[in-house]
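# Breakdown of the fold
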Amino acid sequence: MNMAAPRPAIRTTCAYCGVGCGVLATPDGLGGLGIAGDPEHPANFGRLCVKGAALGETVALDGRLLAPRIHGREAGWDAALDLVARRFSDTIAAHGPDSVAMYVSGQLLTEDYYVANKLMKGFIGSANIDTNSRLCMASSVAGHRRAFGSDTVPGLYEDLEQADTVVLVGSNLAWCHPVLFQRLAAARAARGTRVVVIDPRRTATCDIADLHLAIAPGADAALFNLLLADIDRRGLVAADPAGLAEALAAARATTPAATGLPHSALQRFLDLWCGSARVVTVYSQGINQSDSGTDKVNAILNCHLATGRIGRPGMGPFSVTGQPNAMGGREVGGLANMLACHLALENPAHRAAVQGFWAAPRMAEKPGLKAVDLFRAVEAGRIKALWIICTNPAVTMPEADRVARAIAGCAFTVVSDLFATTDTARLAHVLLPATGWGEKDGTVTNSERRISRQRRALPAPGQARDDWRILADVAARMGWGAAFAWQGPAEVFAEHAALSGVAGALGSDFDISDHAGITPDAYEAMQPFLWPQSAQKRGGRFFGDGRFHHPDGRARMVAVTPALPAPDPGHPFRLNTGRVRDHWHTMTRSGRAPRLSRHLAEPFLELHPQDAARLGLEPATLAEIANPLGRAILRVLVTDRVAPGHPFAPMHWTGETAPSGRIDALVPGLADPVSGQPALKSAAVAIRPFPAAWYGFAVSTRAMAPDCDYWASATLPDGFQAELAGTAPPEDWAQAAQRLFGLDDPPQVLRDDSRGILRLAFARRGRVQAALFVAPGPVALSRSHLAAALGNPCEPGLLAGRPGGDRPDGGAVVCACLGVGVNTILDGIRDGLASVEAIGEALGAGTSCGSCRPELRALLARQPA
Ligand SMILES: Nc1nc2c(c(=O)[nH]1)N[C@H]1C(S)=C(S)[C@@H](COP(=O)(O)OP(=O)(O)OC[C@H]3O[C@@H](n4cnc5c(=O)[nH]c(N)nc54)[C@H](O)[C@@H]3O)O[C@H]1N2
Ligand SMILES: Nc1nc2c(c(=O)[nH]1)N[C@H]1C(S)=C(S)[C@@H](COP(=O)(O)OP(=O)(O)OC[C@H]3O[C@@H](n4cnc5c(=O)[nH]c(N)nc54)[C@H](O)[C@@H]3O)O[C@H]1N2
Ligand code: SF4
Ligand SMILES: [Mo]
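Values in this document were obtained by computation on a predicted structure and should not be read as measured data.

### Quick look at the overall build of the chain
Of regular secondary structure, the chain possesses 27 helices and 34 strands. By the compact-globule yardstick of 29 Å for 865 residues, the chain fits well, its C-alpha radius of gyration being 27 Å. In terms of overall dimensions, the chain has a C-alpha envelope of 80 × 70 × 60 Å along the principal axes. Put simply, the chain has 865 residues, and 63% of those count as buried. Excluding contacts between residues fewer than 6 apart, the proportion of contacts in the chain whose partners are at least 24 apart in sequence is 71%. Here the chain has roughly 30,000 Å² of accessible surface; of this, 53% comes from carbon and sulfur atoms. If you average the places of the 83 positive and of the 82 negative side-chain charges in the chain, the two averages end up 1 Å apart.

Encoded structure:
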């Protein structure tokens, strides 16, 4: 058989964001995958963003955890599973069910997630299972439940295309939900949709905004209260939800000053929102990740409920979910305060129904610990056995250093992951190798409630096993084999669907009981579908008929008193955090794709020019940000995209990629009292220049071992790059470089003492192996040029830092798909390319995934015609 013969494409779903794009994955027969958008998938109709398009670059096996490990030593599955089951059983026997916990993830498949919850809530008998979705959309869930009586997302993606006005609040849709953003941009081009962006930062999403409200951070509840009062003044109240009068009274008491917005901009927003019956308000982490996130969610929902603009074409509130299966997690009751199939843990009838269905020996009776409290209980020793699955809390939890210490101090910690090297995996007693995207079968639900299959396209590597199976194997060893005896994910899905029928009979909106008897073949052939899907209910929108899930059938408005952030004089900056276009969270997967590291390869701090000047921080130098919780060192990016006093830093860097860039070390574990979701976007910090005595930039064909105050590494097509800096130079640079690169041959050295510049290069058989450029200030050098030299013949100009005469320097990469650099684009613009389309035609940039089109537009805008 020809190993490299082409195979048929496999229909699956993207591993990353909650848009849930359909992907065609074609195995190349050599362990790789060709990737294309699925033209038939109703989320993306063939489109992909750059992260989705680069999925094939992330499936190689180097660095994968391929066998279980106990205390760092490889072990067989039987030994590992026996140990986990025994330690959990012994701990429960000695200290009760609440002495153990699981911390899981919205990146698990529904089947994995269902099994984890069944084990904890029905068999172990504790609800101490929480998920990273607590950090993500717990406030949306809580807000939905308060307003609707259920956690139901009312609308559909097509509402963004059918609306006359789309408001994006606390959402950087262009970078975080790129394909949905492209659908909105296309609708706007076709029919003139008005787009409003409400974000203290001027993000790439503002590129299509008719109006950008640079709101004072945290003031969104005040803004939507002002809107509600205006709705009432204009006589637009068209429904009679419970709590209307109280909500209106609170709204009328709100004054515009808190929003920090000029009168004209505020008025324009009120006119647009009130003037469009078809209005969609999309919201995300700028709303949810706040210590009053649930109130902010309800302030938004109030406006849609009062006007009746909900659940009909082109109108409604829309919480876009972050992770690929954030919604599936809600369906299985993944949060510590929820029960399967949108049933309520605090409702005895619901508990009894689930217990009966599962034949569960010991149902959890009360909500479990929410993420922040869960790790505090670990710290206090109340949780004595902990299982972390598919998430990296040592990086992404607030108070990350404290959380890492708590995990390290736990009597027994199990981590299931793809890699042994994550900041969290390194703290585990037992490491279990899981199959990852492309290797596992199951379902995910996207932001619009559409369930799609993820399908296996590659064999499980090494001894890696599917998460659902690992969980079921442990359950069996704890004595519950019969209840966890599925042969495959199709059977798990069928059970979940059957339970949803029980839930549907109790009034739950989540009912997919049509699939209760699904066969493995039908599961294999499953097409994407919207829930609900049962004899009574089928797909579509919710609440257009004015009927909600509260016992009286009415919706509830919540009176919101906007909370104002308290100033902290010692830590005058309010640190905003979030995402960049091409990285995914802690980069364990996206960091492996060279294409995704080209856009932004280093942790950074966006700082307003006034702040930078006042602090004496030059562009591209390093800043030290600190508060009593922790400290970070970040590259300074001076920009008026942010407001004075409100810098922004991305969340993606870790102990693996940039140990001093872990910003959650500085974020307090301050949570919303209703949802338990922490305020991740408002850490009070102090900022000062980091006293770097030297800066360096290095490339190497092999992974490097940096040992200095600041470093950040990234993957290149032919190796790795690293930014470096330190407060004191090493005694001997040649030796330091040898240690960095793991090489013992002598380097070529170019030294310019007058400028304090030192350049070292290592070559083997005339080809560049590694190079290090050192300077007293930020190293001025074309990174892409030096990166391109790796593995190539050592040219005379190398240490001069100049590209060879025949190779122009493309500059920092803007279009990651086609590798088009900023210099190439600027040259093109100077040569007459006058539109994004013209750039695309001539240079290819922006024609693949389109994620860089906002940046192309910005380059065009900056360049005189
Ligand atoms: N490229 C990429 N895409 C992703 C992810 C990723 O890691 N990388 N992760 C996915 C996940 S899990 C999630 S949850 C989503 C998150 O998607 P988003 O919520 O869109 O992303 P964030 O960057 O976290 O934050 C959004 C915006 O909130 C703004 N903000 C901060 N404070 C306030 C405030 O007080 N008011 C308002 N109105 N805005 C504020 C920030 O400036 C930021 O631009 O992205 C998903 N998509
Ligand atoms: N400051 C700040 N902090 C934040 C945020 C923010 O905006 N600002 N956002 C928060 C939000 S919204 C989120 S969602 C979280 C995300 O934070 P995390 O979930 O902690 O981050 P990930 O890097 O996605 O971690 C996923 C882990 O699962 C592993 N993995 C991948 N696939 C599989 C699989 O199939 N099985 C198993 N067992 N493991 C797998 C990966 O290798 C990786 O180690 O971060 C939160 N933290
Ligand atoms: S928008 Fe991009 S990251 Fe999100 S699902 Fe689609 S391809 Fe994946
Ligand atoms: Mo998230």
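### With respect to the site of ligand 1
Close contacts around ligand 1 come from 33 residues, with D199, G218, S284, R579 and H583 the closest. Here I198 contributes a backbone N or O atom positioned 3.0 Å from a nitrogen atom of ligand 1. For ligand 1, an oxygen atom lies 2.9 Å from a polar atom in the side chain of K681. Protein burial of ligand 1: of its 910 Å² of free accessible surface, 99% is covered by the chains. At the level of secondary structure, the elements contributing two or more residues to the shell around ligand 1 comprise α6 (173-176), α11 (285-288) and β21 (573-578). Residues belonging to the shell around ligand 1 are distributed by class as follows: ten nonpolar, 16 polar and seven charged.

### Notes on the nonpolar core
Grouped burial of nonpolar side chains is what soluble globular proteins tend to show. F88, I198, F224, F269 and W387 are the most contacted members of the largest nonpolar core, which totals 115 residues. The residues that make up this core include at least three from each of domain 2 (69-136 + 325-527) and domain 3 (138-319).

### So, the pattern of salt bridges
Note on pairing: side chains with opposite charge can pair once their charged atoms come close. By the definition in use, this model includes 57 salt bridges. For the salt bridge of R541 with E158, the shortest nitrogen-to-oxygen distance reads 3.3 Å. Of the two residues, R541 sits in the loop between β20 (529-530) and β21 while E158 sits in helix α5 (residues 158-162), which places them 383 residues apart along the sequence. When its relative accessible area of 33% is taken as the criterion, E158 is described as partly exposed. Salt bridges sharing partners connect three or more residues here, namely D441, R453, R455, R456, D466 and E524.

### Comments concerning helix α7 (residues 178-191)
In a regular helix each residue adds 1.5 Å, so 14 residues correspond to 20 Å; α7 covers 20 Å between its end C-alpha atoms and thus fits that length. Trailing α7 by a residue or two, G192 shows a phi angle of about 70 degrees, which is positive.

### Some points on the site of ligand 3
Around ligand 3 lies a shell formed by C14, Y16, C17, G20, C21, L48, C49, K51, G52, P178 and V179. Only α1 (50-53) and α7 provide two or more residues apiece to the shell around ligand 3. Taken together, the residues of the shell around ligand 3 break down into eight nonpolar, two polar and one charged.

### Remarks on the side chain of N576
Within the secondary structure, N576 sits in strand β21. Judged by its relative accessible area of 12%, N576 is buried. Apart from residues lying up to four places away in sequence, N576 is in contact with R201, P647, F648, A649 and K681.

### Considerations on the packing of aromatic side chains
Taken as a whole and judged by the stated rule, the model has 19 aromatic pairs. Note on W531 and F542: the rings are 6.0 Å apart at their centroids and 65 degrees apart in plane angle, and the pair reads as edge-to-face. Residue W531 is found in the loop between β20 and β21, and its partner F542 is found in the loop between β20 and β21; the two are separated by eleven residues along the sequence. By relative accessible area, W531 is classed as buried at 1%. Put simply, the rings of F148, F510, W531, F542, F543 and F548 touch in pairs and so form one group of aromatic residues. The cationic tip of R201 hangs over the ring face of F648; the distance from NZ or CZ to the ring centre is 3.6 Å. When the ring centre of F697 is taken as origin, the NZ or CZ atom of R783, which lies over that ring, is 4.6 Å away.

### Section: unusual backbone geometry
Cis peptide bonds are those with omega within 30 degrees of zero, and the linkage from W531 to P532 qualifies with 0 degrees. With respect to the helices, strands and loops of the structure, P532 is situated in the loop between β20 and β21. Positive phi outside glycine occurs at H71, with the angle close to 45 degrees. In this structure H71 comes out as exposed when scored by relative accessible area, which is 59%. In this structure, F543 is a non-glycine residue whose phi angle is positive, near 75 degrees. Of note, F543 is situated in the loop between β20 and β21.

### Remarks on the sheet that holds strand β3 (residues 33-37)
If you trace the three strands from one edge of the open sheet to the other, you get β1-β2-β3, paired in antiparallel fashion. Both edges of this open sheet fall to β1 (10-13) and β3, since each of them pairs with a single strand only. Between one strand axis and the next, the sheet turns by 35 degrees as a mean value, whatever way the strands run. Summarising the sheet, β1 and strand β2 (residues 22-27) pair through four bridges and their orientation is antiparallel. Among the inter-strand pairings, I10 is bridged to a residue of β2, identified as A25.

Criteria and thresholds
- Residues numbered from 1 in each chain as written.
- Chains lettered and ligands numbered in written order.
- Predicted model: local features only at pLDDT ≥ 70, side-chain atom pairs only at ≥ 80, totals over all residues.
- Heavy atoms only, no water.
- Helix = DSSP H or I, 4+ residues; strand = E, 2+ residues; numbered from the N terminus.
- Rg over C-alpha atoms; globule rule 2.2 N^0.38 Å.
- Buried < 20%, exposed > 50% of the residue type's maximum accessible area, 1.4 Å probe, protein only.
- Contact = heavy atoms within 4.5 Å.
- Areas by Shrake-Rupley, 256 points an atom, 1.4 Å probe, with all protein chains shown as cover.
- Lys, Arg positive; Asp, Glu negative; His and termini not counted.
- Charge placed at Lys NZ, Arg CZ, Asp CG, Glu CD.
- Near = heavy atom within 4 Å.
- Polar contact = N/O pair within 3.5 Å; in protein donor to acceptor, adjacent residues only side chain to side chain.
- Nonpolar A, V, L, I, M, F, W, Y, C, P; charged D, E, K, R; others polar.
- Core = buried A, V, L, I, M, F, W, Y, C linked by side-chain atoms within 4.5 Å.
- Domains from an automatic or database assignment.
- Salt bridge = Lys/Arg side-chain N within 4 Å of Asp/Glu carboxyl O.
- Expected span 1.5 Å × (residues − 1).
- Phe/Tyr/Trp six-rings, centres within 6.5 Å; stacked < 30°, edge-to-face > 60°.
- Lys NZ or Arg CZ within 6 Å of the ring centre and 35° of its normal.
- Pairing = 2+ DSSP bridges.
- Axes fitted to C-alpha atoms, helices over the stretch in contact; angles between N-to-C directions.

These figures capture arrangement, not role.
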